[in-house]
Amino acid sequence: MEWKRKLSAALAAVIAMCSSEEVSSSDESYSSDPDSVDEQQSKKAKITDYMTIIHQYTDTDFKSHFRLTRTQVEMLICLTQQKYVSLGTKSVLSYETALLTTIWCLANQESFRGIADRFGLGKGNCHEVVMRVMKILYNERGRFILWPNDYKKNVDEFNQCRGQNSFPGVIGCVDGTHIPIPGSGSDNSYYNRKGFHSVILQGVCNAKLQFMDIFCGFPGSCHDANVWKQSPVYELLKSSNIPADLHLLGDSAYPLDTFLMCPFRDNGHLTNAQKKFNVTLSSTRVVIEMAYGRLKQKFRRLKYLQVEKVEYAKYYIMAACVLHNVCIDEDDNQDSSCSNASEDINAGSVGEELVNSAAKEKRLEIMQNLL
């Protein structure tokens, strides 16, 4: 029996030795090269060939995704590429890729994480590239958003657009719209009357729905009339020698002036002549609402502008307006539906006592001519 006891002891020793070697080998497999493990974990799969796919898009698919035609994108590259090069870049990203990334960002409500993944970028690098391109478009806005030199051309375009029902002497239409932004616990000035935080975009457009002037960034709690009085275009019109028979059109939120015709305040006792004046004015002024409708339809980022700093909002808004004008420059005939276009959040008539007598006389004269 002694030999059986010795054999059992020997077998136990062999089993223990094998187990020890397996554990040691297993530990070594996990800890022998920690640097290689970290490297594998830090590498993330990215899309690296999306630009190749873009180049294979048909013209229709390209415009569907990027809102602009290839020709329009090429024109933008020619006009603004040098600004991008002069700023320098940390990556070897081409300006074409940077511009298309920015347009995609403005055209969709996709997160920066998703956009970065699509274009094969890091999230931080993607945000940096988009901000850089938007600032270029912001600084170059004078190339694309132009105040007219020939007022007669604008008047003729409005007359052709609205036909016999056109309001006379119109060079443009003005209105404000609200761009929603995240709320700030420390600043309630961006909280508007409809119950959400926003910045105000004030635009003046022509009959082609093209913006002639853009003024943006005021807190959502401001009234349209206050924004108007603070805007450069107001100072321009007040100080320039605009012909007496020409004017912009605004809604009841704006103050009547010789260069800005607004509807009669509806107090329930309007005459038929005043009602006709209001209807005719509104049927022409609707083009600014149509312009906002197309802007937000094409560049959906403006439907809710997710910005970390409110001062960044103006870059998104102005870049989208620049791209909007580029589309129209090429006779873009996309549907200009004005549904959900302009929210009259600050609608409300200004006091008639603030209106100067010359403006009142001009409005009455136009009303009589419409009869």
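Reading the values: rules and limits
Residues numbered from 1 in each chain as written. Predicted model: local features only at pLDDT ≥ 70, side-chain atom pairs only at ≥ 80, totals over all residues. Heavy atoms only, no water. UniProt positions renumbered as here; feature names shortened; annotations may be inferred. Buried < 20%, exposed > 50% of the residue type's maximum accessible area, 1.4 Å probe, protein only. Helix = DSSP H or I, 4+ residues; strand = E, 2+ residues; numbered from the N terminus. Pairing = 2+ DSSP bridges. Core = buried A, V, L, I, M, F, W, Y, C linked by side-chain atoms within 4.5 Å. Contact = heavy atoms within 4.5 Å. Axes fitted to C-alpha atoms, helices over the stretch in contact; angles between N-to-C directions. Parallel < 35°, antiparallel > 145°, perpendicular 65-115°, else oblique. Nonpolar A, V, L, I, M, F, W, Y, C, P; charged D, E, K, R; others polar. Salt bridge = Lys/Arg side-chain N within 4 Å of Asp/Glu carboxyl O.

The chain goes by DDE Tnp4 domain-containing protein in an unreviewed UniProt entry, where it is assigned to Photinus pyralis. Of the comments in the UniProt record for the chain, the one headed Cofactor (unreviewed entry) reads "a divalent metal cation".

Most of strand S3 (residues 211-219) sits inside the fold, with seven of its nine residues counted as buried. As judged from the seven bridges shared by strand S2 (residues 198-205) and S3, these two strands associate in the antiparallel manner. Its bridge partner lying in S3, Val204 is registered against Asp213. The hairpin turn running from S2 into S3, its antiparallel successor, is five residues long, and Leu209 in that turn takes a positive phi close to 70 degrees.

It is worth spelling out unusual backbone geometry at this point. One non-glycine residue, Arg67, lies in the positive phi region at around 70 degrees. With respect to the secondary-structure elements, Arg67 resides in the loop between helix H4 (59-66) and helix H5 (70-87). Assessed through its relative accessible area of 11%, Arg67 is described here as buried.

Right, let's talk about the nonpolar core for a bit. With 106 residues, the main nonpolar core has Phe66, Phe119 and Trp228 as its most contacted residues. Of all the elements, helix H13 (residues 313-329) adds the most residues to this core, at 13 residues. Aside from chain neighbours lying at most four places away, what touches Trp228 is Val174, Gln202, Val233, Tyr234, Leu237, Leu248, Tyr254, Pro255, Phe259 and Leu260.

For any two helices packed against each other, the geometry is given by the interaxial angle and the distance between the axes. Interaxial distance between helix H6 (residues 95-107) and H13 falls to 11 Å at its minimum, and their mutual angle equals 100 degrees. The angle between H6 and H13 falls in the class roughly perpendicular. The segment H6 lies against H13, with Ile103, Cys105 and Leu106 engaging Tyr316, Ala319, Ala320 and Leu323. Across the contact of H6 with H13, the residue classes tally to seven nonpolar, no polar and no charged.

Tallied over the full model, the rule gives eight salt bridges. Asp59 serves as the salt-bridge partner of Arg70, at 3.0 Å between the closest nitrogen and oxygen. Taken together, the residues Arg70 in helix H5 and Asp59 in helix H4 connect sequence positions 11 residues apart. By relative accessible area, which is 57% here, Asp59 ends up exposed. The residue Lys238 makes a salt bridge to Glu235 at a minimum N-O spacing of 3.8 Å. Of this pair, Lys238 and Glu235 both sit in helix H11 (residues 232-239), three residues apart, which is roughly one turn of the helix. Taking the relative accessible area as the measure of exposure, Lys238 reaches 47% and is therefore partly exposed.

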